[in-house]
Amino acid sequence: MTIPHISHVVGRWGGILGVALIVGVAALSAGGSACASPPPALFETETGEPLSIERLSTDLAERRFVLLGEKHDNPEHHQIQAEILRRMIATGRKPALVWEMIERGKQPAINEFLAAGGTDADAFADAIGWAETGWPDWKFYRPIAEEALTAGLPIIAGNLDSDTVRAMSNEDLAETDLGKTLRLGEPVPERVMEMLLGEVYRGHCGLVPRTKLSPMVAVQIARDASLAEAMVKSAGIADGAVLIAGGQHARRDIGVGFHLERRFDGENIASIGLMEGDLEIVWAGEEDAVPASRFDYVWYTDPAQPDKDYCADLEARFKAFTKN
């Protein structure tokens, strides 16, 4: 069974709202408060059934690799990531924490900070130069870093450096030492390539011809392979590894999950996709469906920003660029 995903297409599936109402009525009948917090819009993809964060936490306690996919500018997603990490730590786990947002070249700065006994999250952000990275405000990510630093988790820079990405247009990364480490010389199945091409094409709102997208697809593959290799390597010195990354990177079918399994023989993986949507629509089951192969779990939240036409913005930037 597939589960819902807020997208441009509207579909239907049912049953979930009824379960939620039964749970709510039972709680009130047992003397629960009418003002009690609603259950999270959290679903298991294989069955389509809602589940509690306690159930999710029980499963994740046994997983070697956990992928937490986010929408970068949604602060609630980062609060959820921090809560999931906190619950894993509470079971006695001390996994490595791999960040998409931190480039590999920052690892020495991370190591120096941790070796000096640093535990302050804001000082950590300063040490790695977060303010210059272009990622959303550090306050969004601070709760995650606080959990990791307090627990003494290994913190790992997982992404490719900007210079490496720029150089990919001028050299074959697969032939470099880094490319060999990431096993980029191994072919990617045509099915995965086609899916990636489609995602990159849609991500650029159809404004770039598919024939021009091969370099962007190559960068996406290299980034995902980099994050997967960082997880496998760090899991060897820790109690597994947790990834903080965007939703596309956290996918099992074409993202880091694919590379964990196919390139690096990773096993015992769980992927959670944090998504935005109108929760009334989510609980009513009136939206498009996400294939179960994409994530093991999905967790819906309200949108962080008002509706925005990102494609119109991108088209305006493209037009301005071509005029120059």
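Residues numbered from 1 in each chain as written. Predicted model: local features only at pLDDT ≥ 70, side-chain atom pairs only at ≥ 80, totals over all residues. Heavy atoms only, no water.

Draft legend 1. Looking closely at the state of the cysteines. If you walk through the whole model with that rule in mind, you get one disulfide. Disulfide pairing is shown between Cys205 and Cys311; the S-S distance is 2.2 Å. Handedness here is read from the sign of the S-S torsion; for Cys205 and Cys311, about -85°, the answer is left-handed. Of this pair, Cys205 sits in the loop between α9 (190–203) and α10 (214–235) while Cys311 sits in helix α13 (residues 310–323); the two residues are 106 residues apart in sequence, bridging distant segments of the chain. Cys311 sits in the partly exposed class, given a relative accessible area of 36%. (Disulfide = S-S within 2.5 Å. Helix = DSSP H or I, 4+ residues; strand = E, 2+ residues; numbered from the N terminus. Buried < 20%, exposed > 50% of the residue type's maximum accessible area, 1.4 Å probe, protein only.)

Draft legend 2. Structural detail: helix α3 (residues 75–90). Over its 16 residues, α3 extends 23 Å from the first C-alpha to the last, a length consistent with the 22 Å expected when each residue adds 1.5 Å. Within α3 the residues assigned to the buried category are His77, His78, Ile80, Gln81, Ala82, Ile84, Leu85 and Met88. The N-capping residue of α3, defined by a side-chain oxygen 2.9 Å from the backbone nitrogen of Glu76, is Asn74. Phi turns positive one or two residues past the end of α3, at Gly92, with a value near 100°. (Expected span 1.5 Å × (residues − 1). Polar contact = N/O pair within 3.5 Å; in protein donor to acceptor, adjacent residues only side chain to side chain.)

Draft legend 3. Molecular detail of the packing of α3 against helix α6 (residues 138–151). At a minimum axis separation of 7 Å, α3 and α6 run at an interaxial angle of 15°. Overall, the two elements α3 and α6 adopt an arrangement that is roughly parallel. Helix-helix and strand crossings are classified by hand; for α3 and α6 the assignment is left-handed. Here Pro75, His78, Gln79, Gln81, Ala82, Leu85, Arg86 and Ile89 of α3 lie close against α6, whose contacting residues are Phe140, Tyr141, Pro143, Ile144, Glu147, Ala148 and Ala151. (Axes fitted to C-alpha atoms, helices over the stretch in contact; angles between N-to-C directions. Parallel < 35°, antiparallel > 145°, perpendicular 65-115°, else oblique. Left-handed = near helix turned anticlockwise from the far one by under 90°. Contact = heavy atoms within 4.5 Å.)

Spatial relationships are all this shows, so hold off on functional conclusions.
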